[in-house]
Amino acid sequence: MSEEDLEPLELDDENLDSFETIETVEELGLSEDSGLLEELEEDGAECEALGEAFNPPSWLTTSYEKMPEPIAIVDGSLSLTYLYQNPLFRKFLERYSLGAHRSLIASIWNQVDKSVVEALRQATHDPDSGFSWKGEIHIKTRDTLTALIKLHMYPFIEESGGRGGPRAFWIYLEDITAERQQLQRDYIDALLKASLQKDNDTGKHVTRVNRYSQHLAEALYNDGRWPRVDRDFIEDISYLAAMHDVGKIGISEAILYKPGPLNEQEWKEMREHPIIGALILSSYPIKMAQEIAKSHHEKWNGSGYPYNLSETNIPLSARIVTIADVYDALRMRRSYKPGFDHKVSVSRIADDAGTHFDPDLVGVFVAMAEDFRRIFDSNED
Ligand SMILES: [Fe+2]
Ligand SMILES: [Fe+2]
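Rules behind the numbers
Residues numbered from 1 in each chain as written. Chains lettered and ligands numbered in written order. Predicted model: local features only at pLDDT ≥ 70, side-chain atom pairs only at ≥ 80, totals over all residues. Helix = DSSP H or I, 4+ residues; strand = E, 2+ residues; numbered from the N terminus. Buried ≥ 20, exposed ≤ 12 C-beta atoms within 10 Å, placed from the backbone. Contact = placed C-beta atoms within 7 Å. Axes fitted to C-alpha atoms, helices over the stretch in contact; angles between N-to-C directions. Parallel < 35°, antiparallel > 145°, perpendicular 65-115°, else oblique. Left-handed = near helix turned anticlockwise from the far one by under 90°. Nonpolar A, V, L, I, M, F, W, Y, C, P; charged D, E, K, R; others polar. Core = buried A, V, L, I, M, F, W, Y, C linked by C-beta atoms within 7 Å. Pairing = 2+ DSSP bridges. pLDDT = per-residue confidence, 0-100. Arc of directions from axis to C-beta.

A few points about the overall build of the chain
Broken down by element type, the chain carries 17 helices and five strands. Counting only residues that meet the buried cut, the chain has 36% of its 381 residues in that class. Contacts spanning at least 24 positions in sequence make up 61% of the contacts within the chain whose residues lie at least 6 apart.

Shown next as structure tokens:
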């Protein structure tokens, strides 16, 4: 390969153009509260120099243009300044509002743990790591589901840069969100199937509780008064609400299937199911699963079980599922009670706002209760 073949890369893309106009740290989107910033600022001069001295050869970057994964090349400076981004990489940055930064570190600064930033920089001059790094980064905003990205960084050219490491690196992003989500859902599905073997509630009941909870969470999201309710929250509750009674797996069948009312001792055992459920779900990576299993029988006024939690000490997810679960229980016909109609069920819940249920949630529930009726009608046993 002769020198002439190594044409300098033309940074004529809109996105890359904007790198030239970014001058201050603020524009790089970094917060002021870290000493790393000074380092980054000082480093600016160095990476400008490196950027001029090295450009990835166009014959190579052309081959990256059509690659089906996001790929970038960065220099060896502390800020890992972009020398090249393929179209998918640019799209990725835009999708998560990470664009218009001239360096990888600036792009991910507000999104990832600072230890990730440090580890990446460390690797750029650490021969023991092979000048490479591989790890997960989580990218999250209120209006998008968390993306789980595996970031790979490998040396691109070995020639030593200013900091005693390679002069350039290539970055490859692998989106493992769907894969991870599937794994987590399969885990829940398996547990649910096992618990439904024993529970006297039907599979339709847990499906409906999932849907009610999802719709109520969406209403809270649109309302805006509940900052904790973001896209992830809605997604999680839409399949974890079903786990509320998973702990019944540990309750004896004699109690679960007893036709008449339970005596004192039997009730005592029955009231263990939230704790058993929390135990079963304790290693599940999404904490909400455990919250729901543990606290779906707590009451707003502190008279529930197992821990007499009250008001906002009860996790929001559990307060939502409580309304969903009770609504469905009211509507269902049981050996000891008739199935109440929609109107009666809604007014029973409204009557218990502030005693059994979170009054603010009941307010939202009453306004969107038609959704509950629709979900019950279209998923009848
Ligand atoms: Fe329960
Ligand atoms: Fe239930």
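Digging into the packing of helix α9 (residues 231-240) against helix α13 (residues 287-295)
Any two packed helices are characterised by how steeply their axes cross, that is the angle between the axes, and by the distance between the axes. One way to put it is that α9 packs onto α13 with a least axis distance of 10 Å and a crossing angle of 50°. Classified by the angle their axes make, α9 and α13 are oblique. Crossing of α9 against α13: the hand is right-handed. Contact residues: D236, I237 and L240 in α9; M288, A289 and I292 in α13. Among the residues forming the contact of α9 with α13, the class breakdown is five nonpolar, no polar and one charged.

Considerations on the environment of F340
With respect to the helices and strands, the residue F340 is situated in the loop between α14 (316-331) and α15 (342-351). On the basis of neighbour counts, which here come to 17 C-beta atoms within 10 Å, the residue F340 falls in the partly exposed class. Taking the C-alpha atoms as reference, F340 lies 9.5 Å from Y327; in sequence the two are 13 residues apart. With near-sequence residues (within four places) excluded, F340 lies in contact with L330, R331 and S345.

What to know about the nonpolar core
Judged by nonpolar contacts, the single largest core of 42 residues is most densely connected at L216, L240, I292, I320, I323 and A324. Those elements giving two or more residues to this core turn out to be α8 (203-223), α9, α13, α14, α15, α16 (359-367) and α17 (369-378). No other element matches α14, which puts seven residues into this core. Counting residues in hydrophobic clusters, the runner-up holds 31 residues, among them Y64, I73, F89 and V117.

Quick notes on the pairing of strand β2 (residues 82-85)
Where strand β1 (residues 71-75) and β2 come together, three bridges link them in antiparallel fashion. The residue of β2 that forms the bridge with A72 is Q85.

Focus on α9
Taken as a whole, α9 has its buried residues at F233, D236, I237, Y239 and L240. Its buried side turned inward, α9 meets α7 (177-196), α8, α13 and α14.

Here's the deal with the confidence of the model for the chain
Looking at the chain as a whole, its pLDDT mean stands at 86, while 85% of the residues score no less than 70. Within the model, the stretch residues 1-32 combines pLDDT values under 50 with 36 contacts to residues more than four positions away or in other chains. In this model, residues 40-52 is a region of pLDDT below 50 whose contacts with residues beyond four sequence positions or in other chains number 23 contacts.

Structural notes on unusual backbone geometry
The omega torsion of the bond from Y305 to P306 falls at 10°, within 30 degrees of zero and hence cis. Residue placement: P306 occurs in the loop between α13 and α14. Positive phi outside glycine occurs at L80, with the angle close to 45°. Along the chain, the position of L80 falls in the loop between β1 and β2. For S97, which is not glycine, the phi dihedral falls at a positive 50°. Mapped onto the fold, S97 is located in the loop between α4 (87-95) and α5 (104-108). The class for S97 is partly exposed, based on 15 C-beta atoms found within 10 Å.

Description of helix α12 (residues 273-280)
Those residues of α12 not exposed but buried are H273, P274, G277 and I280. Angularly, the buried residues of α12 cover 120° about the axis, an arc narrow enough to put them on a single face.

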